[in-house]
Each structure stands twice: as C-alpha cells, then as structure tokens.
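Summary of structural features
One letter stands for each residue in the lines below.
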Amino acid sequence: MKPPFVQSTCPHDCPSTCALEVERLSEARIGKVRGAKANSYTAGVICAKVARYSERVHHPDRLSKPLRRVGEKGAGREAFEEISWDQALDEVAENLLQAEQRLGAETVWPYFYAGTMGLVQRDGIERLRHAKGYSRQYSTICHTLADAGWLAGHGVKRGLDPREMAQSDLIVIWGGNPVSTQVNVMTHVAKARKTRGAKLVVIDPYRTGTAEQADLHLAVKPGTDGALAAAAVNVMLAEGLADRTYMERQSDWDDELEAHFAQRTPEWASEITGLSVEEIVSFARLFGAHKKSFIRIGYGFSRSRNGAANLHAATCLSIVTGAWQYEGGGALYSNGGIFPIDATLIEGLDVLDPDVRIFDQSRLGPVLCNDPRDLGDGPPVTALFIQNTNPMVVCPESLKVRQGFERDDLFSCVHEQFMTETAAMADVVLPATTFLEHDDIYKGGGHTHLQIARPVIEPFAECRSNHQVICALANRLGAEHPGFEMSEWDLIDATLRASGLPSAQSVYDDRWLDCALDFETAHFSDGFGNDDKRFHFKPDWSAIGVDHADMPRMPGFMDSIDAAKSDRPFRLVAAPARTFLNTTFTETPGSLKREQRPTVLIHPEACKRLGISDGDKVRMGNELASITLHAETFDGLQHNVVVVESIWPNSAFEDGIGINALVSADPGPPRGGAVFHDTAVWIEIV
Ligand SMILES: Nc1nc2c(c(=O)[nH]1)N[C@H]1C(S)=C(S)[C@@H](COP(=O)(O)OP(=O)(O)OC[C@H]3O[C@@H](n4cnc5c(=O)[nH]c(N)nc54)[C@H](O)[C@@H]3O)O[C@H]1N2
Ligand SMILES: Nc1nc2c(c(=O)[nH]1)N[C@H]1C(S)=C(S)[C@@H](COP(=O)(O)OP(=O)(O)OC[C@H]3O[C@@H](n4cnc5c(=O)[nH]c(N)nc54)[C@H](O)[C@@H]3O)O[C@H]1N2
Ligand code: SF4
Ligand SMILES: [Mo]
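Residues numbered from 1 in each chain as written. Chains lettered and ligands numbered in written order. Predicted model: local features only at pLDDT ≥ 70, side-chain atom pairs only at ≥ 80, totals over all residues.

Quick reminder of the rule: UniProt positions are given in the numbering used here, feature names are shortened, and annotations may be inferred rather than shown by experiment.
As recorded in an unreviewed UniProt entry, the protein chain goes by the name Molybdopterin oxidoreductase family protein, listed as coming from Denitrobaculum tricleocarpae. What the UniProt record of the protein chain gives under Sequence similarities (unreviewed entry) is the line "Belongs to the prokaryotic molybdopterin-containing oxidoreductase family." Quoted verbatim from the Cofactor (unreviewed entry) field of UniProt, the annotation for the protein chain is "Mo-bis(molybdopterin guanine dinucleotide)".

**A few points about the overall build of the protein chain**
Formally: Strands here mean DSSP runs of E at least two residues long; helices mean DSSP runs of H or I at least four residues long; both are numbered from the N terminus. All radius of gyration figures rest on C-alpha atoms, and the globule criterion is 2.2 Å times the number of residues raised to 0.38. To assign burial, the other C-beta atoms lying within 10 Å of each residue's own C-beta are counted, with C-beta atoms placed from the backbone; 20 or more indicates buried, 12 or fewer indicates exposed, and intermediate counts indicate partly exposed. By the convention adopted here, residues make contact when the C-beta atoms placed from their backbones lie within 7 Å.
When its secondary structure is counted, the protein chain shows 26 helices and 25 strands. Against the 2.2 N^0.38 benchmark of 26 Å for 686 residues, the protein chain shows a C-alpha radius of gyration of 25 Å, consistent with a compact globule. Along the three orthogonal principal directions, the C-alpha set of the protein chain runs to about 75 × 60 × 60 Å. Buried residues in the protein chain amount to 59% of all 686 residues. Sequence-distant contacts in the protein chain: of pairs separated by 6 or more residues, those separated by 24 or more amount to 76%.

**Quick look at the pairing of strand 21 (residues 599–602)**
How we decide: Criterion used throughout: strands pair if DSSP finds at least two bridges between them.
Where strand 21 meets strand 23 (residues 626–633), 4 bridges bridge the pair, whose relative direction is parallel. The partner of V600 across the bridge, within strand 23, is A631. Direction of pairing for strand 21 relative to strand 24 (residues 641–644): antiparallel, over a ladder of 2 bridges. The residue bridging V600 from the neighbouring strand is V644, located in strand 24.

**Comments concerning the sheet that holds strand 21**
The pairing of strands in a sheet happens through backbone hydrogen bonds and is either parallel or antiparallel. Note the cut-off: Structural elements are reduced to axes, namely lines fitted to C-alpha atoms, with helices fitted over the stretch in contact, and the angle between N-to-C directions of any two is expressed from 0 to 180 degrees.
The mixed closed barrel is built from 6 strands, whose spatial order is 20-24-21-23-22-25. For this sheet the average axis-to-axis angle between neighbouring strands, irrespective of direction, equals 45 degrees. Here strand 20 (residues 570–573) pairs with strand 25 (residues 679–685) via 3 bridges, running antiparallel. Considered in strand 25, the bridge of F570 is made with V681.

**Comments concerning the domain arrangement of the protein chain**
How we decide: Each domain's extent was defined by an automatic or database domain assignment.
What the domain assignment reports for the protein chain is domain 1 (67–139 + 341–433 + 453–500), domain 2 (145–333 + 520–539) and domain 3 (570–685). Just the C-alpha atoms count here: the centres of domain 1 and domain 2 sit 39 Å apart.

**Details of the site of ligand 2**
Which entries qualify depends on this criterion: Whether a residue is near a molecule or strand depends on its C-beta atom, placed from the backbone, lying within 6 Å of it. Side-chain classes follow a simple rule in which Ala, Val, Leu, Ile, Met, Phe, Trp, Tyr, Cys and Pro form the nonpolar group, Asp, Glu, Lys and Arg form the charged group, and the remainder, Gly included, forms the polar group.
Around ligand 2, 32 residues are found, and the nearest of them are Y113, G115, A574, N582 and T583. Of the residues contributing to the shell around ligand 2, the split by class is 14 nonpolar, 16 polar and 2 charged. Both domains that furnish three or more residues to the shell around ligand 2 are identified here as domain 1 (67–139 + 341–433 + 453–500) and domain 3 (570–685).

**Notes on helix 5 (residues 144–154)**
With 11 of 11 residues buried, helix 5 is to be regarded as a mostly interior element. Considered for burial, the residues of helix 5 that qualify are T144, L145, A146, D147, A148, G149, W150, L151, A152, G153 and H154. Buried residues belonging to helix 5 abut helix 14 (307–315). G155 lies just past helix 5 and shows a positive phi near 80 degrees.

**Points about the nonpolar core**
Rule in force here: A set of buried residues drawn from Ala, Val, Leu, Ile, Met, Phe, Trp, Tyr and Cys, joined through C-beta atoms within 7 Å, is what defines a nonpolar core.
In this structure, I171, L228, A232 and V233 are the most contacted members of the largest nonpolar core, which totals 209 residues. If you tally residues by element for this core, the top one is helix 9 (residues 225–238), at 10 residues. Not counting chain neighbours up to four residues away, the residues in contact with L228 comprise L218, V220, A269, T273, L275 and I280.

**Overview of the packing of helix 5 against helix 14**
Keep this limit in mind: Under this scheme an angle from 65 to 115 degrees is roughly perpendicular, one under 35 degrees roughly parallel, and one over 145 degrees roughly antiparallel; angles in between are oblique. Whether a crossing is left-handed or right-handed is set by the direction in which the near helix is turned from the far one by less than a right angle, anticlockwise for left-handed and clockwise for right-handed.
Running from N to C, helix 5 and helix 14 cross one another at 40 degrees; their axes reach a closest spacing of 7 Å. The orientation of helix 5 relative to helix 14 falls into the category oblique. Handedness of the crossing formed by helix 5 with helix 14: right-handed. From helix 5, L145, A146, A148, G149, W150, A152, G153 and H154 reach across to helix 14, where they touch G307, A308, A309, N310, L311, H312 and T315. Considered class by class, the residues forming the contact of helix 5 with helix 14 number 8 nonpolar, 7 polar and no charged.

**Digging into the pairing of strand 23**
Of the pairings in the sheet, the one linking strand 22 (residues 617–621) to strand 23 comprises 5 bridges and is antiparallel in character. The partner of K617 across the bridge, within strand 23, is H630. Once strand 22 ends, the chain turns through 4 residues before running back antiparallel as strand 23.

**Looking at the site of ligand 1**
Neighbouring ligand 1 are 34 residues; T181, G298, G300, F301 and P576 lie closest to it. Grouping the amino acids of the shell around ligand 1 by side-chain chemistry returns 16 nonpolar, 13 polar and 5 charged. For the shell around ligand 1, the domains that each give at least three residues are domain 2 (145–333 + 520–539) and domain 3 (570–685).

**Some thoughts on the environment of D550**
Turning to its location among the elements, D550 is positioned in the loop between helix 24 (519–522) and strand 20. C-alpha of D550 to C-alpha of L200: the two residues are 350 residues apart in sequence and 34 Å apart in space. Residues contacting D550, with those up to four places away along its chain left out, are S560 and P669.

**Some words on the UniProt feature "domain: 4Fe-4S Mo/W bis-MGD-type" (unreviewed entry) in the protein chain**
Taken from the UniProt record, the annotation "domain: 4Fe-4S Mo/W bis-MGD-type" (unreviewed entry) applies to residues 3–61. Here residues 3–61 is 15% helix and 29% strand, with 26 Å between the C-alpha atoms at its ends.

**Observations concerning the environment of A190**
With respect to the helices and strands, the residue A190 is situated in helix 7 (residues 184–196). Classification of A190 by C-beta neighbours within 10 Å gives partly exposed; the count is 17. Placed 89 residues apart in sequence, A190 and Q101 show a C-alpha to C-alpha distance of 59 Å.

**Regarding unusual backbone geometry**
The linkage connecting S646 with the following residue, I647, adopts the cis geometry, with an omega of 10 degrees. Summarising the element assignment, I647 is placed in the loop between strand 24 and strand 25. Put simply, P669 and P670 share a cis peptide bond, and its omega is 5 degrees. Residue placement: P670 occurs in the loop between strand 24 and strand 25. The phi angle at N370 is positive, at roughly 60 degrees, despite the residue not being glycine.

**Observations regarding helix 14**
Of all 9 residues in helix 14, 9 are buried, a share of seventy percent or more. Every buried residue of helix 14 is accounted for by G307, A308, A309, N310, L311, H312, A313, A314 and T315.

**Section: the sheet that holds strand 1 (residues 5–9)**
Reading across the sheet, the 3 strands line up as 1-2-3 and stay open at both edges, with antiparallel pairing between neighbours. Strands with a single pairing partner mark the edges of an open sheet, and in this sheet they are strand 1 and strand 3 (30–35). Pairs of neighbouring strands in the sheet enclose a mean axial angle of 30 degrees, with direction left out of account. Relative to strand 2 (residues 19–24), strand 1 runs antiparallel, the two being bridged by 5 bridges. Paired with F5 across the strands is E23, a residue of strand 2.

**Here we look at the environment of W489**
You can see W489 is positioned in helix 22 (residues 488–498). Residue classification places W489 among the partly exposed residues on the basis of 18 C-beta atoms within 10 Å. In sequence terms W489 and A453 are 36 residues apart; their C-alpha atoms lie 10.0 Å from each other.

In structure tokens:
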C-alpha cells in the first residue's frame, strides 16, 4: 500500500501559508511534501525549499536533547553537555527568578518572532510575558513600516482577494520578489496572462526572478518609489487618465493635491529614481490605460527610512484610476486584518499591563549594550528567553547583538530546532518540535484561508513544542493563566469559539476556512477604513505613529534615506535568497547547493571602475562595520546599486561578520520598523 499523504500547513514566515500534503512514510518519517491542489490559492504549487522539507526535519544536526553550555559562547555543539528536561527547566526558571529578584521582572525579556507563524506556538510566549510582567516586545523587524504606509491611506489592513488577479488586465508587483518569496503569487499572475493577456510590471532595484518575467521592469534606485508614484499620478492627471469622479467621491482629493502633483513631473522623478523620463511616462500610460489593475504590494520597498511614505504613495495609483471599482482592480498588501481571531487566551491579553516597559525588537543590539535611548532609567536586560528567531544573524547592527550576548551578566535560554548562532550563545538550549510534530492554527496574510494543522509524525527525539515549554516554565515561575492549563488543541478550539468561528475539529475536517470578504467590502465600495470613509492622499501620520514630525503631508519623495555619497557610493539592497527563508534552510544541502556562498551583485561598469572581476573577493563597509564576500558582475541594476541576497549565517562570511552588521538599527518613522534595504556602502577589492 502506498503511504498516505496527510494534510498540513506551511508554518514559515511567508505570506503564502501554503496548504500542504505531506507523505507519511512511518510514525517518525516523512517523504514528499506537495501543495494542496484543492486549495484555490495554493493550487498545488509550493516552493522548492519546503518541497524538500524531509532534508530539514530529518537533518542530522536537529537538536535532540536539552543542553547546558559548559564551554565558550559561540563555539557550537561541542561547548554543550546534555541534561534532562527537568534539569533544564529548573535551571532556566531559577535564573529567571533570580534575575527578577535582583532587578525586578522587567529585567527579563522574552524575545520571539515568526519561526513558526502558528498562533499558539508563536504567540504563547506573550502569555508568559504578560502573566509575569516581563518587558514587552514591540515587533518591528518585518511589517511595521509597510503597515504604516498601507494604513495611512486605507485605514484598515486588508485589500483584494488575491484570486481576483485572474480578472486583471495589468499586474504591478511593487517592491516584492514573489518568485523567491511567495511563489504562489506567480500562479495567479500566470492565470491572468494566459486567459486575458494581462501585462506584468515589476518595480524592483534589480532584475530578480520576478522581474525577468515582466513586460516592463523599472529598476528604481532603492528608496525612491515615492517619486515614481507621484510622477505617475502627474502624467495620469495631465493626460486625462484619472477617474476624477471616483477620486472626489472616495478620497480627500482637493485643489492643494492637484497643485502638488502638477509639480511632480517625470523629469523631476527621473533625477531622483534614476529611471528615464520615457520609462516613467510609459508606466503611467500603461497604468492609466487599464482599469482592472492589480497592485501587489511587497514588503521590500518599505524597508527604508522613507518606506512608509513610499508605500503610501504607491497605493495612491489605484485611487487615481478608480481601479477599486472593477473586478481584478485595486491592491493587496496583506489580508492580515480579515481574520476575526480573538487572541486573548493565547496571548494572555487579559493580564497585560500597559505600564510595563516595551523594547523595540529590531534594537536588540542597542538594548543588550545598555543604550540609554532604549533603557532610559530602567534596569538592564539580564535574562533572555528566546523562541522562533535567530537574532544573532537577522537583527540590524548585528555586531552589537553579538557584543550584547557576550555579556557575562546575561543569562539566556534559546528554544530551537538547530544550533543556530543565537543558540550557540545561550546558557541553556532546548530542542523544539517542527510544525510536523505539533498542533497549530494559521492565518494566511497573502490570502484568505484559516487553517489548522495536526502532527504528521511523532516528535523527534526529546523535542518539545513551544507551548509545552511555556506551560512547564509558567508552572515553575508561579505564572497563572488558564492558557497554561490547556492543551494546544483546546487552546485552538477555545480561541475559535471565542472568535465566533466553527470548532477546531470542523475547520480541520474541512481543511480550511475561507474568510474572504464580499466584493463590496473587499473593494471598499462602501468606503475605506478611515473615520470619514475616504482614502487619504494626505494621511494623518500622527494617528499612525508618534515619530511623525518629518512625514510628508503629500505623496512624493521623502528625502531621509542613507543616500550614496562620495565615501560610500553604493546603495545596498540586502534582499532574501530564494532557497533560504530568513536563516531557516541555511542548514539544508539543497539550499546550500543553490545559494553557494555570500555574493554581492555589482554592475559591470562599477566593477570596471573598481578593478573587480567576477569571483573576486571584495570588502564592503560603512561606519558600522565591514564584511568580506565574493563579487559577481550583474547588469540588471543601476551603476551605484549593489545587492547581497541573504540571510547567510555570519560564519559563512570570511571574517565571521554577516550582512546585518552593515544595517542600521535606526527605526523608520512614523512608528518604527527595520530598514534592511537602506544602507550606503563603499566597496574595494581585497
Ligand atoms: N525565499 C525566501 N522567501 C521569503 C523570505 C526569505 O528570506 N526567503 N522571507 C519571508 C519574509 S519574513 C517576508 S516578510 C517576505 C518578504 O517578501 P517581499 O515582499 O518580497 O519583500 P523583500 O523580500 O524584503 O524584498 C522584495 C524585493 O524588494 C526589493 N526592494 C528593496 N528596496 C526597494 C525599493 O526601495 N524599491 C523597490 N521598488 N523595491 C525594493 C528587493 O530588491 C527585493 O527584490 O518574504 C518571505 N519569503
Ligand atoms: N539582511 C536582511 N535581514 C533581514 C531581512 C532581510 O530581508 N534582509 N528580513 C527580515 C525579516 S522580514 C524578518 S521577518 C526577520 C526574520 O528573522 P527570524 O524570525 O529570526 O527568521 P529565521 O531566521 O528564519 O529564524 C526563525 C528560527 O525559528 C526556529 N523555529 C521554527 N519553528 C520553531 C518552533 O516551532 N519553535 C521554536 N522554538 N523555534 C522554531 C527556526 O529553526 C529558525 O532558526 O529577518 C529580518 N532580517
Ligand atoms: S511558498 Fe511560502 S508558504 Fe508556500 S511552502 Fe514555500 S515557504 Fe511555505
Ligand atoms: Mo518578514
């Protein structure tokens, strides 16, 4: 008999949240992983890295037992000895309690992110935090800037149903690279192209795999999209391509905006973006000519100091042509806001004390280095409990993160699947299950399905789930909350019921729950999410974030990026690599084979100027650090732009210093957010 395929959900931090089918070879082993054909978004397609998941779940380096560090920080597995779960949990609890006794509960900082996107296994750590009054986390590493830019205009975090792309005549992928980062977008692009001959525009500083498929690729200078968007509006207004009736009915359009955009000419934008006037005008005409235009907004172009303003500017285009009125017309950044989940039980929101201090996740380095900007008069962080993230590698200003972890007065526990560089700095390391070994519930940000997944195989060796560890610690720490007494399944079921949704069993039996909104709501026909029901060309940035003083009143170019200068003449984009997912999969042979080694893509003209040939070793740096890697000539970008696809472990680089040593921990206004693609660097041949 052939082994059966079991339904599951991809847990990784990717907007596709694919509905999976996993081949179960035995109680302990999986075989193939494929996308569910029956799911209308996944449509049977998944990325190569997850199709090879058996390489990861059965990897020889999977952590199997709790470990205590007895050797040097950072040395790796050989610096640890095996201990029992009871010993490990006792030791962690003792250290957290001692830290609390010395300096108060705020000296403990539970730190997490989205290694799994499952709500129970990702967010349960919040319940422990709130029940104990530990320092809070402001999660800024991914979507804070993009959220700000989208909310500025629309007032709510939702947009088109992505399946509507099949009805679109023009698709614009703006600041995203879905061929690498959420392959399913391309399934729906292909549908529109095949059935309707839809055109594809890609706006990205370099010729990505997505850009290669485009009818028009606009290789903007990073951080200048606001100027491109404003000039496109200028052309559409001047050439009678705007739907003024829609603009006046559905937005705050007025004479001041009219006069503002009249100044934002293609010539002006050409200077800023590095695009030709012809490119800008042909984009505007193409956009203006197709009412059924679908702008798929990516995260990439929000990761700059002016990212929120740029993203807001891009979303103005769908208002100018009135695209939202038509099937297949409008935009999608994220549908995260359509799922009516009550997270109280999972996150312990009922015991949250808003007076407890809150740290910016992306400023882990400065926080651990006791930067007064972060600590104020408060005590230092002397204990970290980490799940679901690898900040030694993914966090900005990574040299400071390392310096912080090296502190002798810091206790840290890392719950992980692998001995990451973060785990290697910990005092205690706990082995974690993967999504194939525990229950969870998943929302799909890039689509509309809610999914529940159950274990496909038994937990590997002594691995325990995040939920199990949180509950066991809560018990030892004297933290009380009903959520600590429940199983994962009961938490899921109770959460669904509290949210007015069907039971866990019935969602599981149906494989998913489609939470798509009706046309009128999804298209904002009855108004946008702002109080006045209008889209805002002139956002109230003060309602979005406290750091709003420098935000532009109207869409255009916000001149706040780390611009290229004579001593740092290149703008660096630190984009994701196709077969890594942040740092996940950097351990799998299939991914390593494809990505090979850390590489910087440099334009041939710049290479000539610097005397660099393909494969040469180069140094690249700024005021924060310098790193060593190999060069590859590449003509799909502007002369003064370079790209490093990441996120390689620090140890993959010659000096053990990785890409995020160059990235600033400055928060992007108006409400924070990491600025991964906003860095000016120098380059020299080694
Ligand atoms: N293979 C793979 N998939 C992933 C990830 C991964 O690491 N690897 N990460 C996952 C996560 S956590 C997330 S949040 C998503 C993010 O996925 P995306 O939405 O695709 O966002 P990014 O990957 O940050 O950047 C996408 C593109 O933005 C471009 N970009 C950078 N700056 C600018 C700019 O100023 N203007 C414009 N127009 N474009 C710019 C970059 O060149 C890059 O090609 O992907 C998820 N999927
Ligand atoms: N240069 C550069 N840096 C970036 C970005 C970029 O584009 N460029 N992107 C940024 C973005 S968008 C993001 S979201 C962050 C992401 O950064 P991270 O959230 O740190 O993402 P990963 O590196 O994939 O690390 C997730 C870790 O969680 C572990 N994990 C997975 N499932 C579980 C589980 O169930 N339990 C436990 N305990 N652990 C688990 C995995 O083994 C993995 O080591 O990186 C950011 N850093
Ligand atoms: S495309 Fe994204 S959600 Fe789908 S399998 Fe790959 S990583 Fe998972
Ligand atoms: Mo992310």
